[in-house]
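What the coordinates show
Read off the chains here:
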Amino acid sequence: MAESRPYFDDEYGGRYILVEPGTFVMGDVNGTRSEQPPHTVEIVEPFFCGERPVTQAHWQAIMQDNPSRFTDGWAAGLRPVEQVSWDDSIEFISRLNSSDHESERLGFRGVWRLPTEAEWEYVARAGTHSRWSFGDRDGDLNEYGWHAGNSGASTREVGQKKANPWGFLDLHGQVSEWCQDCFSSDYSKHDRSSSAHTSDSERRIHRGGSWFTESDSTRCSARGSSYHYNKSDGIGLRLVWQPL
């Protein structure tokens, strides 16, 4: 059962769960070259992270359009939004902040943003040290995520699979999720902070694998990247709310 943590709900059906500071080992010595070298990262500031990816209904409410591929059926609004570039995601967040800047959550004001890559992996691992938050056996993945082996060649409504130990859903598969960070081929130039990595690269990191990827791409430490202007039916986003 997922740990009970402070949270708040928004008017779009989203829930945002408190992530407390801590340290973890980012990367995997047995993973691909891009996941090395493993290094200890310190999460200094608490933040609230979306329990689930941003849905089509949420995106539609803010942007007045729905670019997603998978829109059939009465419950399509509860599928994750996809076909959104990193640039689109930043515009979505800008509009969200403009309309929400005076709102208080649990007595605080804050700002919406994308998670950094380090924050994303910290949330995905949820205090675990295994390949996935549920363990090392990809045979158990069906219980926690949508991937090439069980998705039926499309996204699915969010929140149908089991949560990780901190209560987060749809981190393994479904849609890969944009992070703040610029692309890096490995961690050799990363520092040990939770800040987003910056460079002159036009590529941005996305994490988690998707409905069309094999199980290995859905591991906690697996990394993906794409140009900031690219759109894919396998990439969406998850929000972070940072108290001020």
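Residues numbered from 1 in each chain as written. Predicted model: local features only at pLDDT ≥ 70, side-chain atom pairs only at ≥ 80, totals over all residues. Heavy atoms only, no water.

1. Here we look at empty space enclosed by the protein
Selection rule: Put simply, the grid is 1 Å and covers the protein atoms alone, a cavity is a trapped set of points that fit a 1.4 Å probe, a pocket is an open set with protein on both sides within 12 Å along at least five of seven lines, and lining residues have an atom within 4 Å of a point. Grid points are joined across faces, edges and corners, and a volume is the space filled by probe spheres set on the points.
With the rule as written, the count across this model stands at one cavity of 30 Å³ or more. The volume enclosed by the largest cavity comes to roughly 40 Å³.

2. Looking at the packing of aromatic side chains
Put simply, the test is: In this analysis, rings of Phe, Tyr and Trp, with Trp reduced to its six-membered ring, are considered paired at centre separations within 6.5 Å, and the interplanar angle assigns stacked below 30 degrees, edge-to-face beyond 60, and tilted for intermediate values. Working definition: with a 1.4 Å probe on protein chains only, accessible area under 20% of the residue-type maximum means buried, over 50% means exposed, and in between means partly exposed. Only when the NZ atom of a Lys or the CZ atom of an Arg is both within 6 Å of the ring centre and within 35 degrees of the ring normal do we say a charge sits over the ring.
Applying the stated criterion across every chain yields a total of 15 aromatic pairs. Centroid distance W132 to F134: 5.6 Å. Interplanar angle 10 degrees. Geometry classified as stacked. Residue classification places F134 among the buried positions, given a relative accessible area of 18%. By the ring-pair criterion, three or more aromatic residues cluster together here, those being F8, Y16, F48, W112 and W241. Above the plane of the ring of W166 lies R5, whose end atom (NZ or CZ) is 4.3 Å from the centre.

3. Some words on the layout of surface pockets
Any empty space left between the atoms is revealed when a probe the size of a water molecule rolls over them. Using the following cut-off: As a working rule, the residues Ala, Val, Leu, Ile, Met, Phe, Trp, Tyr, Cys and Pro are called nonpolar, Asp, Glu, Lys and Arg charged, and the rest polar, with Gly in that last group. Helix and strand assignments come from DSSP, with helices taken as H or I runs of at least 4 residues and strands as E runs of at least 2, each series counted from the N terminus.
As a volume, the largest pocket reaches approximately 230 Å³. Considering the residues around the largest pocket, the lining is formed by 17 residues, among which G27, D28, R125, H129 and S130 are closest to the centre. By residue class, the composition of the lining of the largest pocket is three nonpolar, eight polar and six charged. There is about 160 Å³ of room inside the second largest pocket. Considering the residues around the second largest pocket, the lining is formed by 15 residues, among which S176, H206, G209, T213 and G224 are closest to the centre. Elements with a contribution of two residues or more to the lining of the second largest pocket: β8 (203–207) and β9 (223–227). Each residue belonging to the lining of the second largest pocket can be placed in one class, and the counts come to three nonpolar, 10 polar and two charged.

4. Digging into the sheet that holds strand β2 (residues 15–19)
This is how the line gets drawn: By this definition, two strands are paired if DSSP reports at least two bridges between them. Angles run from 0 to 180 degrees between N-to-C directions of axes, and those axes are lines fitted to C-alpha atoms, restricted for helices to the stretch in contact.
Spatially, the five strands line up as an open sheet ordered β1-β2-β5-β11-β6, and their pairing is antiparallel. Single-partner strands in this sheet number two, and they are β1 (7–9) and β6 (110–113). Neighbour-to-neighbour, the strand axes of this sheet turn through a mean angle of 25 degrees, independent of strand direction.

5. Topic: the sheet that holds β9
With mixed pairing, four strands are arranged side by side in an open sheet as β9-β8-β7-β10. With partners counted over all chains shown, the strands left at the sheet margins are β9 and β10 (235–236), one partner each.

6. Some remarks on the environment of Y229
The following threshold applies: Residues are treated as being in contact if the distance between any of their heavy atoms lies within 4.5 Å.
For Y229, the location among the structural elements is in the loop between β9 and β10. On the basis of relative accessibility, which here comes to 44%, the residue Y229 falls in the partly exposed class. For Y229 and R203, which are 26 residues apart along the polypeptide, the C-alpha to C-alpha distance reads 8.7 Å. Every residue in contact with Y229, bar those within four places of it in the chain, is listed here: S85, D87 and E202.

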